[in-house]
Amino acid sequence: MVADMETKTLLHLLDWYQSNGINSVLHDQPRNRLKEEPVQENQIPQPILRAPVSHEHPALACQTLQQLKHAMLDFEGCDLKQSAMNLVFSDGNPKAPIMLVGEAPGADEDRQGLPFVGQSGQLLDKVLKSVGLDRTNTYISNIIPWRPPGNRPPTTQEIALCQPFIQKHIELVQPKILVFLGGVAAKTLLNSNDGIMRLRGIWRDYATHDGLAIKALATFHPAYLLRSPGQKALVWQDFLKVEEMLKSNMK
Ligand code: URA
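Residues numbered from 1 in each chain as written. Predicted model: local features only at pLDDT ≥ 70, side-chain atom pairs only at ≥ 80, totals over all residues. Heavy atoms only, no water.

(A) Up close: the packing of aromatic side chains. In total, this model carries four aromatic pairs according to the counting rule given. The interplanar angle of 75° and the centroid separation of 6.3 Å between the aromatic rings of Phe-180 and Tyr-206 together place this pair among those described as edge-to-face. Within this pair, whereas Phe-180 is found in strand β4 (residues 177–181), its partner Tyr-206 is found in strand β5 (residues 204–207), the two being separated by 26 residues in sequence. For the pair formed by Phe-180 and Tyr-206, the shared burial category is buried. (Phe/Tyr/Trp six-rings, centres within 6.5 Å; stacked < 30°, edge-to-face > 60°. Helix = DSSP H or I, 4+ residues; strand = E, 2+ residues; numbered from the N terminus. Buried < 20%, exposed > 50% of the residue type's maximum accessible area, 1.4 Å probe, protein only.)

Below is the structure:
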């Protein structure tokens with residue numbers, strides 16, 4: 001009877017965690033911060049002196065997608081890797097003329113190690129299909145390759161740490177057209193403080209480090225469309241522009 005009650009309480013607690021987006025565990029034991037002794041001054045952790053590290057980001061040396069994927073698998077500079085199940089590198093065809101860049105993986109993407117396979121991915125697939133695209137003729141990746149715990153937005157620092165990876169990714173794929181899905185991808189890769197409302201729907205040039213100018217269009221993130229279906233028409237307009245640009249690039 002008592003065991004039953006305990007199980008019920010635990011199930012309620014788990015339910016509560018889940019509904020608050022807490023679905024990954026960072027430590028084996030919970031910490032009761034109310035019971036923690038105040039830290040004595042001589043116990044304050046001192047900064048660890050490390051040997052000087054190279055300030056070269058590991059993305060910079062990569063010359064192939066395979067090397068880039070390995071550099072990301074080996075990267076220890078971003079804590080998101082600790083709580084994620086998988087690296088989410090990419091999906092689709094790396095030889096496709098169009099590359100889509102999203103924000104960060106969610107729970108389904110983390111489980112499968114593939115971008116946009118959850119609910120927003122299914123909506124993205126429908127949008128792509130409406131203009132004759134699918135994962136055989138597009139290539140998809142994200143600004144952040146590891147799932148932020150509880151699907152929280154990535155921090156500015158996490159974005160800065162991962163940015164060289166997606167920049168190198170674009171440089172290696174050399175797509176004819178880039179589509180940025182949502183504000184995080186658009187602001188990061190267009191280096192702008194403007195919001196997605198201002199950035200979307202206008203062609204811009206994205207400059208790679210090796211001097212290539214790629215036509216880039218920002219649009220709303222499919223997760224936003226799930227919350228605000230009234231905006232679907234604007235995304236459809238954006239993808240009609242993509243279709244037109246693809247046709248004129250193929251000539
Ligand atoms: N949202 C994203 O931005 N990327 C994914 O891969 C999935 C959901």
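(B) Quick peek at the sheet that holds β4. Within the open sheet, the six strands sit side by side as β1-β3-β2-β4-β6-β5. Their pairing is mixed. Only two strands of the sheet have a single partner each, and these edge strands are β1 (91–92) and β5. Examined bridge by bridge, β1 and strand β3 (residues 139–142) share two bridges and lie antiparallel to one another. In the strand pairing of β3, Asp-91 is matched with Ile-140. (Pairing = 2+ DSSP bridges.)

(C) The arrangement of the site of the ligand in detail. Taken together, Gly-102, Glu-103, Ala-104, Pro-105, Glu-109, Pro-115, Phe-116, Ser-120, Asn-142 and His-221 form the complete shell of residues around the ligand. Phe-116 is positioned with one of its backbone polar atoms (N or O) 2.9 Å from an oxygen atom of the ligand. Take Asn-142: an N or O atom from its side chain is 2.9 Å from a nitrogen atom of the ligand. Notes on the ligand: free accessible area 240 Å², of which the protein chains cover 94%. Here the shell around the ligand is composed, by residue class, of four nonpolar, four polar and two charged. (Near = heavy atom within 4 Å. Polar contact = N/O pair within 3.5 Å; in protein donor to acceptor, adjacent residues only side chain to side chain. Areas by Shrake-Rupley, 256 points an atom, 1.4 Å probe, with all protein chains shown as cover. Nonpolar A, V, L, I, M, F, W, Y, C, P; charged D, E, K, R; others polar.)

(D) Representation of the nonpolar core in the model. In this structure, Leu-100, Val-101, Leu-178, Phe-180 and Phe-239 are the most contacted members of the largest nonpolar core, which totals 56 residues. Tallying contributions element by element places helix α6 (residues 156–173) first for this core, with six residues. Those residues in contact with Leu-178, other than ones at most four positions away along the chain, are Met-99, Val-101, Ile-170, Tyr-206, Ile-214, Lys-215, Ala-216 and Leu-217. (Core = buried A, V, L, I, M, F, W, Y, C linked by side-chain atoms within 4.5 Å. Contact = heavy atoms within 4.5 Å.)

(E) Looking closely at the pairing of strand β2 (residues 98–102). In terms of burial, β2 is largely enclosed, as five of its five residues are buried. Alternating residues of β2 divide into Ile-98, Leu-100 and Gly-102 and Met-99 and Val-101, and every residue in both groups is buried. Pairing of β2 with β4 involves four bridges; the strand directions are parallel. For Val-101, the partnering residue across the bridge sits in β4 and is Phe-180.

(F) Structural view of the packing of helix α2 (residues 65–74) against α6. Where α2 contacts α6, the two axes come as close as 10 Å, and the packing angle between them is 170°. In terms of orientation, α2 lies roughly antiparallel with respect to α6. Crossing handedness for the pair α2 and α6: left-handed. Residues Leu-65, Leu-68, Ala-71 and Met-72 of α2 lie in contact with α6, whose contacting residues are Phe-165, Lys-168, His-169, Leu-172 and Val-173. For the contact of α2 with α6, a count of residues per class yields seven nonpolar, one polar and one charged. (Axes fitted to C-alpha atoms, helices over the stretch in contact; angles between N-to-C directions. Parallel < 35°, antiparallel > 145°, perpendicular 65-115°, else oblique. Left-handed = near helix turned anticlockwise from the far one by under 90°.)

(G) Region of the structure containing the pairing of strand β6 (residues 213–219). Across the seven residues of β6, five count as buried, placing the element largely inside the fold. Here β4 pairs with β6 via five bridges, running parallel. Of the residues in β6, the one forming a bridge with Val-179 is Leu-217. Strand direction decides the pairing type here: β5 and β6, joined by four bridges, are antiparallel. When the bridges of β6 are listed, Tyr-206 appears paired with Ile-214.

These figures come from the coordinates and say nothing about function on their own.
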